[in-house]
Amino acid sequence: MNKTTVRVRYQETDQMGVVYNSNYIVWFEVGRTELCRYIGISYREMEQQDAFLPVAEVNCRYRSPAFYDDEVTIETAISKLTPVRIQFSYKLWRQEELLATGETVHGFTNKNGKLIKLNKTHPDIWQVLQQAYKQ
């Protein structure tokens, strides 16, 4: 699990200062990117090795709104892992208040979008992800 923090920018809010719902999905991506970097394999490195993670599914449960200038902490973890798919889970917090929870599901593909079995095609990346999943 990794934690990263973002501060709500004015452009992410409506006229009342409430964060627009699609920004939570963007924050999921921030959390996912930072988790990969934290465990030792960045998105850039994966893509340079022809391993991509296109989003197949997104789920977000909104609990409480975020507002302009709030500091939002994104907790990200790998919640499921198979050779062809990975699922990340997210919790978004404002201090101790839970703002949203969610998941994204990704397939492992090459740059042409063809599904790959990561454990066979990229055993080094597979090992890093598997180790992080077990934690």
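Residues numbered from 1 in each chain as written. Predicted model: local features only at pLDDT ≥ 70, side-chain atom pairs only at ≥ 80, totals over all residues. Heavy atoms only, no water.

### With respect to the overall build of the protein chain
In terms of regular secondary structure, the protein chain is built from four helices and five strands. Listing each helix as α and each strand as β along the protein chain from the N terminus yields β-α-α-β-β-β-β-α-α. Relative to a compact globule of 135 residues, whose C-alpha radius of gyration would be 14 Å, the protein chain shows 16 Å and is just as compact. For the protein chain, the residues scored as buried account for 43% of the 135 residues in total. Put simply, of all contacts in the protein chain between residues at least 6 apart along the chain, 65% involve residues at least 24 apart. Accessible area of the protein chain: about 8000 Å², with a carbon and sulfur share of 47%. (Helix = DSSP H or I, 4+ residues; strand = E, 2+ residues; numbered from the N terminus. Rg over C-alpha atoms; globule rule 2.2 N^0.38 Å. Buried < 20%, exposed > 50% of the residue type's maximum accessible area, 1.4 Å probe, protein only. Contact = heavy atoms within 4.5 Å. Areas by Shrake-Rupley, 256 points an atom, 1.4 Å probe, with all protein chains shown as cover.)

### Considering helix α4 (residues 123-134)
End to end, α4 covers 16 Å across twelve residues, agreeing with the expected 16 Å (1.5 Å per residue, within 8%). Along α4, the residues classified as buried are Ile125, Trp126, Leu129 and Ala132. The buried residues of α4 occupy an angular sector of 130 degrees when projected down its axis, which confines them to one face. Structural note: α4 exposes Gln127 and Lys134 on the side pointing more than 90 degrees away from its buried face. Buried residues belonging to α4 abut α1 (22-39), α2 (43-48), β3 (71-82), β4 (85-94) and α3 (118-121). (Expected span 1.5 Å × (residues − 1). Arc of directions from axis to C-beta.)

### Let's talk about the pairing of β3
Note that strand β1 (residues 2-7) and β3 share six bridges and pair antiparallel. Looking at β3, one finds that Asn2 is bridged to Thr76. Both β3 and β4 contribute to a ladder of nine bridges, which runs antiparallel. Note that in β4 the partner of Lys80 across the bridge is Gln87. (Pairing = 2+ DSSP bridges.)

### Some details on unusual backbone geometry
In this structure, Asp50 takes a positive phi of about 65 degrees despite not being glycine. Turning to its location among the elements, Asp50 is positioned in the loop between α2 and β2 (55-62). According to the relative accessible area criterion, Asp50 is partly exposed, its value standing at 29%. The backbone phi angle of Gln95 is positive, close to 55 degrees, even though this residue is not glycine. Residue classification places Gln95 among the exposed positions, given a relative accessible area of 70%.

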